[in-house]
Structure formats: structure tokens, C-alpha cells
Amino acid sequence: MLKLLHRWREEAAKAGYPIKRLAVAFEAGRDGFWLARWLSARDIEAHVIHASSVAVSREHRRAKTDRLDTELLKRSFLGWLRGERDHCKMVAIPTIEDEDAKRPHRERESLVGEQSRIVNRMKAALIRLGIRNFNPKLKKAAERLDSLRTPEGEPIPPNTLAELRRDMARRQLVSNQLRQIEHARLERLKQAPGDGPHAMVRLLARVIGVGVETADMLVQEVLSRSMRDRRAVARYAGLTGSPDESGRRRREKGLTRSGNARVRRGMIQLAWRFLMFQKESALAQWFRGRTESAHGTRKTMIVALARKLLIALWRLVRAGVVPDGVALRPA
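Residues numbered from 1 in each chain as written. Predicted model: local features only at pLDDT ≥ 70, side-chain atom pairs only at ≥ 80, totals over all residues. Heavy atoms only, no water.

We now examine the overall build of the protein chain. A tally of regular secondary structure across the protein chain gives 13 helices and four strands. Relative to the compact-globule value of 20 Å for 331 residues, the protein chain shows a C-alpha radius of gyration of 26 Å, a clear excess of over 25%. Dimensions along the principal axes, computed over C-alpha positions, put the protein chain at roughly 90 × 55 × 55 Å. Across the 331 residues in the protein chain, those meeting the buried criterion constitute 35%. A fraction of 57% describes how many contacts in the protein chain between residues 6 or more apart in sequence connect residues 24 or more apart. For the protein chain, the exposed surface amounts to about 21400 Å²; the carbon and sulfur share of it is 51%. For the protein chain, the centre of its 68 positive side-chain charges and the centre of its 38 negative side-chain charges are spaced 4 Å apart. (Helix = DSSP H or I, 4+ residues; strand = E, 2+ residues; numbered from the N terminus. Rg over C-alpha atoms; globule rule 2.2 N^0.38 Å. Buried < 20%, exposed > 50% of the residue type's maximum accessible area, 1.4 Å probe, protein only. Contact = heavy atoms within 4.5 Å. Areas by Shrake-Rupley, 256 points an atom, 1.4 Å probe, with all protein chains shown as cover. Lys, Arg positive; Asp, Glu negative; His and termini not counted. Charge placed at Lys NZ, Arg CZ, Asp CG, Glu CD.)

Structure follows, in C-alpha cells:
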């Protein structure tokens with residue numbers, strides 16, 4: 001590809017049209033941003049197009065080929081280069097350090113899901129035998145397997161017993177890896193407490209109800225990014241509405257779900273936890289005032305609380321503005 005770009009530039013120069021600017025664009029996909037960084041290191045202007053920002057016809061099923069998609073992207077990219085920003089949206093290209101900083105909490109999330117799947121699989125295997133009073137998460141669970149009996153008084157069959165032992169060993173391995181990730185994160189915070197993202201994590205962790213894991217996820221995923229205003233913060237998290245307006249018809253179609261799903265899930269969980277630990281805060285009082293006389297609106301209003309809470313935390317780490325009534329741990 002680099003040889004092709006240089007050849008085109010040399011052909012244009014021979015024809016009397018010297019090229020001073022090379023701009024390349026491609027859609028964001030599974031390969032990530034390594035190609036954009038590679039091109040930028042070779043003095044080529046690289047942009048990554050947000051796939052869902054390119055407008056397509058909705059009148060009927062359109063033809064879908066690589067040639068047609070390339071033509072559509074080229075027209076959108078040329079319009080964007082002319083200064084018409086509504087043609088498409090560009091994704092911010094992160095550095096290798098920024099991408100690497102996200103790996104610990106994302107790996108931890110995957111390991112927590114894997115641990116839950118292993119435990120559920122063990123419980124399902126025991127329930128099929130009629131055994132319900134056994135907790136496979138206990139420390140001495142492996143030692144108690146031989147003493148378990150089915151309702152008929154029979155021991156666990158050998159194949160099922162071997163499967164349970166393998167699942168317990170696998171769960172122990174996952175638990176050790178989780179502890180290693182959490183210990184390494186705490187060590188990084190101790191070694192460089194004044195570093196930009198680390199300082200944000202330590203400040204968020206002072207809010208009662210916000211743990212280190214949640215603080216690290218929010219900082220690495222959204223709060224350390226350069227956001228224009230509070231609307232951009234809420235929009236990135238996917239906590240904004242999607243209005244549908246046509247003529248006199250006005251209706252709300254729910255969340256856009258086009259933002260960061262990991263941040264959206266984490267903020268909704270944090271909003272419920274915030275109501276437990278920060279009952280005297282202005283946000284918690286606002287939520288109670290809007291839901292105490294309106295039954296069936298708690299799930300809807302919790303999304304609004306999550307949006308307000310995310311904006312409040314963004315202001316806290318950016319400008320040091322503590323939300324009204326929020327209790328902080330000692331520094």
C-alpha cells in the first residue's frame with residue numbers, strides 16, 4: 001500500500017501536479033488502529049471513519065459490494081475534508097499506551113464472567129443429581145465432593161465427579177488471575193500516584209460507593225478522553241435518548257445504545273449503588289423526588305441518574321467540582 005501511494009504521488013509530480021498532502025481513511029473495525037498509527041509515522045494523514053456515521057439509503061434493500069462501499073466512503077471522506085462535518089464522523093486514534101491501559105480492567109471483566117459460568121456449570125451438574133445444598137465457591141468444596149450423596153444415597157458418579165474437580169481447578173486458576181490483576185493495579189497506583197489517569201482513579205475512589213475497579217474502568221474508558229462538553233460525555237456512554245420526530249409525531253425510542261456499552265452497564269450499576277451509599281446527596285434526593293409518587297418509573301429514571309452522575313464525575317476529575325452532598329473518603 002505504501003508503494004502504491006508513493007507511485008501515485010510520483011506519477012502526479014511527473015504530470016505537473018505535485019502532491020503535498022496524502023490523506024487516507026478507512027472504517028473502524030476489528031483490526032483496530034495500528035494501520036492509522038503506522039501511516040501517521042510515515043507522514044501520511046490517516047483518519048478512521050465511524051462506520052455508523054455514514055448515511056445510507058433506507059428506502060429499500062441496497063446493493064452491498066466492496067466497490068459500492070468504497071465509493072460511498074470516498075464521497076463521505078471528500079465531503080469531510082472539504083469541511084462539511086456532517087458527511088461522517090472520525091474516531092479518535094488512541095496511542096498504544098492508551099490501548100494497553102484498558103487491557104487490565106477488560107481482562108478482569110472477562111475473567112469475572114468466566115468465573116460465573118464455571119460456578120453455574122457446577123451448580124447445574126449437581127442439581128441434575130438432586131444436590132442443592134452445596135456451595136462450590138467455598139475453600140474446602142473440593143474436599144467435600146467425596147462426601148456428597150444424591151437423594152437416593154448414592155455418591156456422585158465418577159465422570160461427573162471428575163468434571164467437577166476439573167471445573168474447580170479451572171475456577172481456582174481464574175481466581176488467582178483475578179487477584180494478580182487487582183494486585184498489579186494497586187501497585188501501579190502506589191508507584192505513580194500523581195500520574196494523570198492514576199490521579200483521576202484515586203480521586204474517584206474517594207467517593208463513597210465507588211470502588212477502585214469502577215474508578216479505573218471509568219477513567220480508562222471515558223474520563224481520560226478529551227470530551228468537548230457534558231453532552232459529548234453522555235453521548236459517548238450511550239446514556240442519551242433517541243427521539244423519533246416526523247411531522248407532528250413525537251416519540252422517544254429509548255437509549256441510543258450506540259456508545260460504549262461497558263461504560264453504560266457500569267454507570268447503571270453504579271447509579272443503583274450510589275443510591276445506597278450517598279442518600280444525602282443532591283442527585284439521590286432528585287431521584288427520590290421524581291420516583292416516590294410515580295410508580296413504575298424507577299428503571300427509567302435510573303438511566304437519567306446514571307447520566308447525571310457520569311457528568312458529575314467528569315466535572316470532578318476535570319475541574320475538581322465535588323457534587324452537592326456527596327461524601328468523600330479522607331485523601
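Using the criterion set out here, one finds two aromatic pairs in the structure. Between the aromatic rings of phenylalanine 77 and tryptophan 80, the centroid separation amounts to 6.4 Å while the plane-to-plane angle is 15 degrees, which identifies the pairing as stacked. With phenylalanine 77 and tryptophan 80 both in helix 3 (residues 66-81), this residue pair falls three residues apart, about one helical turn. Residue phenylalanine 77 is classed as buried on the basis of its relative accessible area, which comes to 9%. With centroids separated by 6.5 Å and ring planes inclined at 80 degrees, the aromatic side chains of tryptophan 272 and phenylalanine 287 adopt a geometry described as edge-to-face. With tryptophan 272 in helix 11 (residues 261-277) and phenylalanine 287 in helix 12 (residues 282-291), the pair connects residues that are 15 residues apart, well separated along the chain. Residue classification places tryptophan 272 among the partly exposed residues on the basis of a relative accessible area of 32%. Positioned over the ring face of tryptophan 286 is lysine 308, at 4.9 Å from the centre of the ring. (Phe/Tyr/Trp six-rings, centres within 6.5 Å; stacked < 30°, edge-to-face > 60°. Lys NZ or Arg CZ within 6 Å of the ring centre and 35° of its normal.)

Note that leucine 145 resides in the loop between helix 6 (141-144) and helix 7 (158-191). Separated by 11 residues in sequence, leucine 145 and isoleucine 156 have C-alpha atoms that sit 7.9 Å apart. With sequence-adjacent residues up to four places away left out, leucine 145 is seen in contact with Phe134, Ile156, Leu161, Leu164, Arg165 and Met168.

What follows deals with the pattern of salt bridges. For the coordinates displayed, the defined rule picks out 18 salt bridges. Across the salt bridge formed by glutamate 221 and arginine 106, the nearest N and O atoms sit 2.8 Å from each other. Here arginine 106 lies in helix 5 (residues 103-127) and glutamate 221 lies in helix 9 (residues 212-223), a separation of 115 residues in the sequence. The exposure class assigned to arginine 106 is partly exposed, which follows from its relative accessible area of 23%. Across the pair glutamate 213 and arginine 185 runs a salt bridge, and its minimum N-O distance is 2.5 Å. Of this pair, glutamate 213 sits in helix 9 while arginine 185 is found in helix 7, placing the two residues 28 residues apart along the sequence. Classification of arginine 185 by relative accessible area gives buried; the value is 6%. One network of salt bridges, with partners in common, ties together Arg106, Glu109, Glu221, Arg262 and Arg265. (Salt bridge = Lys/Arg side-chain N within 4 Å of Asp/Glu carboxyl O.)

On to the pairing of strand 4 (residues 249-255). As judged from the five bridges shared by strand 3 (residues 241-246) and strand 4, these two strands associate in the antiparallel manner. Each residue of the ladder has a partner; that of glutamate 245, found in strand 4, is arginine 250. Here strand 3 folds back onto strand 4, and the loop between the two strands holds two residues, one of which, glycine 247, carries a positive phi near 65 degrees. (Pairing = 2+ DSSP bridges.)

The subject of this paragraph is helix 7. Along its 34 residues, helix 7 runs 50 Å from first to last C-alpha, staying within 8% of the 50 Å computed at 1.5 Å per residue. Where helix 7 is buried, its residues touch helix 5, helix 6, helix 8 (196-205) and helix 9. (Expected span 1.5 Å × (residues − 1).)

Contact geometry for helix 9 and helix 11: axes closest at 11 Å, N-to-C directions at 140 degrees. In terms of crossing hand, the pair formed by helix 9 and helix 11 is left-handed. Of helix 11, the residues touching helix 9 (which contributes Thr214, Met217, Leu218, Glu221 and Val222) are Arg262, Val263, Gly266, Met267, Leu270 and Arg273. The class makeup of the residues in the contact of helix 9 with helix 11 is six nonpolar, two polar and three charged. (Axes fitted to C-alpha atoms, helices over the stretch in contact; angles between N-to-C directions. Left-handed = near helix turned anticlockwise from the far one by under 90°. Nonpolar A, V, L, I, M, F, W, Y, C, P; charged D, E, K, R; others polar.)

Along the chain, glutamine 115 falls in helix 5. When sequence neighbours within four positions are dropped, the list of residues in contact with glutamine 115 reads Arg171, Val174, Ser175 and Leu178.

As a further point, take the packing of helix 11 against helix 13 (residues 298-319). It is the contact of helix 11 with helix 13, at a shortest axis distance of 8 Å, that shows an interaxial angle of 100 degrees. If you check the angle between helix 11 and helix 13, you find them roughly perpendicular. In this structure, helix 11 contributes Val263, Met267, Ile268, Leu270, Ala271, Trp272, Phe274 and Leu275 to the contact, and helix 13 contributes Arg298, Ile302, Val303, Leu305, Ala306, Leu309, Leu310 and Leu313. Partitioned by chemical class, the residues of the contact of helix 11 with helix 13 number 15 nonpolar, no polar and one charged. (Parallel < 35°, antiparallel > 145°, perpendicular 65-115°, else oblique.)

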